[in-house]
Amino acid sequence: ILNVEQSPQSLHVQEGDSTNFTCSFPSSNFYALHWYRWETAKSPEALFVMTLNGDEKKKGRISATLNTKEGYSYLYIKGSQPEDSATYLCAFDGYGGSQGNLIFGKGTKLSVKP
Amino acid sequence: DVKVTQSSRYLVKRTGEKVFLECVQDMDHENMFWYRQDPGLGLRLIYFSYDVKMKEKGDIPEGYSVSREKKERFSLILESASTNQTSMYLCASSLGGVYEGEQYFGPGTRLTVT
């Protein structure tokens, strides 16, 4: 059974703090690693899809890195804002191609206090 | 923008009832997915479909069936609802045949079976 682990399970930070979380995934049969943000009462939305070892992606204050050889990805948020409060999910794609079947971690729930 | 809609946000059904959850996407995506989200368990895949009339079992298909008669519509059916099927159900879709298969999610249906 393929396992995707995220840590920490939850995180409480003050506005302005920078933070990061980890996603661990199988290092074999890697195709892609996805990050999603899921705000309360909204749909999960994709942040990044990462495919290459060493890949770094950035969207505003949020960035992510990927290490496929050791099977981990970090998500960084610089200068957290209350609107960053959400659950951050990572998902491992070991199939790719037309099926796009993902295995999700349980998420890291971030709360940013003003 | 891709839009994925689900027929209901909240649904209350009785044990033994047959329940239909409908999902529609408007971007001509080949792949469609049904997940359930339970506290502490993350998103778990129930069924997915990569083409009209095609379906594949996910991790937890027991007690569920699906139907995909048209490309844009993917239905989840609970043949005889039970209390352990009380959950949040999320539908998603993605393009087929491309490696960046990010998934687009609907708003979710919170189903309560009494």
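Described below are features of the structure shown in this document. (Residues numbered from 1 in each chain as written. Chains lettered and ligands numbered in written order. Predicted model: local features only at pLDDT ≥ 70, side-chain atom pairs only at ≥ 80, totals over all residues. Heavy atoms only, no water.)

### A closer look at the overall build of chain A
Selection criterion: Strands are runs of DSSP state E lasting at least 2 residues, helices are runs of H or I lasting at least 4, and numbering of each runs from the N terminus. The atom set for the radius of gyration is the C-alpha atoms, and the globule formula is 2.2 Å times the number of residues raised to the power 0.38. Any two residues having at least one pair of non-hydrogen atoms within 4.5 Å are treated as being in contact. Under this rule, positive means Lys or Arg and negative means Asp or Glu; His and the chain ends count for nothing. For charged residues, the charge sits on one atom: NZ in Lys, CZ in Arg, CG in Asp, CD in Glu.
Helix and strand counts for chain A stand at 0 helices and 11 strands. Its helices and strands taken in sequence order, chain A reads β-β-β-β-β-β-β-β-β-β-β from the N to the C terminus. For 114 residues, the compact-globule estimate of 2.2 N^0.38 gives 13 Å, and the C-alpha radius of gyration of chain A, at 14 Å, lies within 12% of that figure. Taken over the C-alpha atoms alone, chain A extends approximately 40 × 30 × 20 Å along its principal axes. Sequence-distant contacts in chain A: of pairs separated by 6 or more residues, those separated by 24 or more amount to 54%. The average position of the 11 basic charges and that of the 11 acidic charges among the side chains of chain A differ by 2 Å.

### Concerning the state of the cysteines
Residues and elements named next belong to chain B. For clarity, the cut-off: For this text, the term disulfide refers to a pair of cysteine sulfurs within 2.5 Å. Here's how the labels work: a residue is buried when its accessible area is under 20% of the maximum for its type, exposed when over 50%, partly exposed in between, all with a 1.4 Å probe on protein chains only.
One pass over the full model with this rule turns up 2 disulfides over all chains. Note on cysteine connectivity: Cys23 is disulfide-linked to Cys91, with sulfurs 1.8 Å apart. The sign of the S-S torsion, about -75 degrees, decides the handedness of the disulfide formed by Cys23 and Cys91: left-handed. Taken together, the positions of Cys23 in strand β3 (residues 19-25) and Cys91 in strand β9 (residues 87-94) put the pair 68 residues apart, joining distant regions of the chain. Residue Cys91 is classed as buried on the basis of its relative accessible area, which comes to 0%.

### Topic: the sheet that holds strand β1 (residues 5-7) of chain A
Residue and element names in this part refer to chain A. Condition: Only when DSSP finds a minimum of two bridges between them are two strands counted as paired. Angles run from 0 to 180 degrees between N-to-C directions of axes, and those axes are lines fitted to C-alpha atoms, restricted for helices to the stretch in contact.
Sheet architecture is open: 5 strands sit in the order β1-β3-β8-β7-β6, paired in antiparallel fashion. For this open sheet the edge positions go to β1 and β6 (56-59), each flanked by a neighbour on one side alone. The average angle at which neighbouring strand axes cross in this sheet is 15 degrees, direction not considered. With 4 bridges joining them, β6 and strand β7 (residues 62-67) adopt antiparallel strand pairing. Paired with Glu56 across the strands is Thr65, a residue of β7.

### Some remarks on the sheet that holds strand β1 (residues 4-6) of chain B
Residues and elements named next belong to chain B. Within the open sheet, the 4 strands sit side by side as β1-β3-β8-β7. Their pairing is antiparallel. Because the sheet does not close on itself, it has two edges, and the strands there are β1 and β7 (64-70). Strand-to-strand twist across the sheet, computed as the mean angle between neighbouring axes with direction ignored, equals 20 degrees. With 6 bridges joining them, β3 and strand β8 (residues 73-78) adopt antiparallel strand pairing. Counted as the bridge partner of Leu21 is Leu76 from β8.

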